[in-house]
Amino acid sequence: MAETIAYDVDGRVATVTLNRPERLNAITPTLQRELLEALHEAEADDKVHVAVVAGAGRSFCVGMDLRGENAPRGGATGDRNFLENLARGWLAIWDLKLPVICKVHGHCLAAGTQLASVCDVTFIAENCKVGTPQLPLGAGFVGVYWAWFVGPKKAKEMFFPVGAMISGREATDMGLFNRAVPAEELDAAVAAYAAEVAKVPKEILTLQKRAINATQDVQGFREALMRGVEIDAIAHLAPSVREMNRAIKERGLSATIEDFRAGRLP
C-alpha cells in the first residue's frame with residue numbers, strides 16, 4: 001500500500017494525489033517512486049484515458065524534503081547518481097503513454113515546479129505562490145526546467161537571487177504553466193478539462209503526446225535536463241553549499257534560512 005500518495009479512478013480519469021500534507025507534500029524518493037507507480041498503473045489501465053496529479057492539504061508541493069531520504073549522499077558520484085535518478089523520474093512522466101494534467105494550489109516551490117512543469121498540461125490557482133529554492137544549495141537542477149519553458153532571460157531573473165517568489169498568474173503569463181484560474185474555480189476547471197480530454201480515444205492521445213514531445217526532444221529537452229544534473233552535483237561541492245548543509249544539520253532549516261537572509265551565511 002502506498003504511503004505517500006492516494007490513487008483514485010473515476011470513469012476515464014485517474015487522480016494521483018501527493019499525500020504528505022504534514023510536510024506540505026515535500027518530495028522524497030519514496031514519494032516520487034509511488035507517484036510513478038500510480039501513473040504507470042493508470043497508463044496500463046485501458047479504461048483510463050488521462051491522469052491528474054494534485055496535492056493534498058494546503059499546498060501542492062514545497063520542493064524537496066531536506067531530511068531523511070534526501071540527506072546529502074556520500075561522495076560526488078553518489079550525489080550525482082541520486083540526482084540523476086530523480087531527473088529520470090520526472091522524465092518518466094514526460095514519456096508516459098498517457099496525458100498527465102497537473103493541478104497546483106497553495107505553494108509550488110523549487111523541485112515542485114519540476115513536477116508541475118514536466119506534466120503535459122498544468123492548471124494553477126492564480127494566488128498560488130511559485131518560487132525558487134530558499135537557500136543556495138545547488139545550481140541547475142531546477143533552473144533548467146524554467147529555462148526551457150520560460151526562456152533563459154526570465155530563468156536567470158528568477159534564479160540569480162535566492163528565494164524569488166511569483167504568483168500562479170505571473171508564472172502562467174511567463175509560460176511556465178498553461179492556465180491560471182481563481183483558487184475557488186481550480187477543481188472545476190481541471191475536472192472539466194480532464195473530462196474533455198478523456199473523451200478522446202486513448203491511442204490517439206498517446207500519439208498526440210508522442211508527436212508533440214518529439215518536437216522538444218529533437219531540440220535538446222532531455223539533454224538540457226540531464227546537463228542540469230551534472231552542474232548541480234558540481235555545485236554541491238562548493239564551499240558555500242557545504243557550509244549551508246552544515247548549518248542546516250546543526251541549527252535546522254528555518255534558522256539557516258533566517259541566518260542567510262540576515263547576511264550571516266555563507
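Residues numbered from 1 in each chain as written. Predicted model: local features only at pLDDT ≥ 70, side-chain atom pairs only at ≥ 80, totals over all residues. Heavy atoms only, no water.

### Here's the deal with the environment of Leu 91
No. 1: Considering the arrangement of structural elements, one finds Leu 91 in helix H2 (residues 75-95).
No. 2: A relative accessible area of 4% places Leu 91 in the buried class.
No. 3: Taking the C-alpha atoms as reference points, Leu 91 and Val 118, 27 residues apart in sequence, are found 7.4 Å from one another.
No. 4: Once you skip the residues sitting within four places of it in the chain, Leu 91 turns out to touch Phe 221, Arg 222, Leu 225 and Met 226. (Helix = DSSP H or I, 4+ residues; strand = E, 2+ residues; numbered from the N terminus. Buried < 20%, exposed > 50% of the residue type's maximum accessible area, 1.4 Å probe, protein only. Contact = heavy atoms within 4.5 Å.)

### A word on the layout of surface pockets
No. 1: There is about 1,500 Å³ of room inside the largest pocket.
No. 2: Around the largest pocket, the lining comprises 49 residues; the ones closest to its centre are Met 64, Leu 66, Leu 137, Asn 245 and Ile 248.
No. 3: For the lining of the largest pocket, the secondary-structure elements that each account for two or more residues are H2, helix H10 (239-251) and helix H11 (253-261).
No. 4: Of the residues forming the lining of the largest pocket, the biggest block, six residues, is contributed by H2.
No. 5: The residue makeup of the lining of the largest pocket, split by class, is 30 nonpolar, twelve polar and seven charged.
No. 6: In this structure, the second largest pocket occupies an estimated 530 Å³ of space.
No. 7: Around the second largest pocket, the lining is made up of 26 residues, and of these Asp 120, Val 121, Lys 209, Ile 212 and Asn 213 lie nearest the centre.
No. 8: The dominant element in the lining of the second largest pocket, judged by the number of residues it contributes, is helix H8 (residues 202-217), at eight residues.
No. 9: For the lining of the second largest pocket, the per-class residue count stands at 16 nonpolar, eight polar and two charged. (1 Å grid on protein atoms, 1.4 Å probe; cavity = no way out; pocket = protein on both sides within 12 Å on 5 of 7 lines; lining within 4 Å. Points joined across faces, edges and corners; volume = space filled by probe spheres on them. Nonpolar A, V, L, I, M, F, W, Y, C, P; charged D, E, K, R; others polar.)

Spatial relationships are all this shows, so hold off on functional conclusions.
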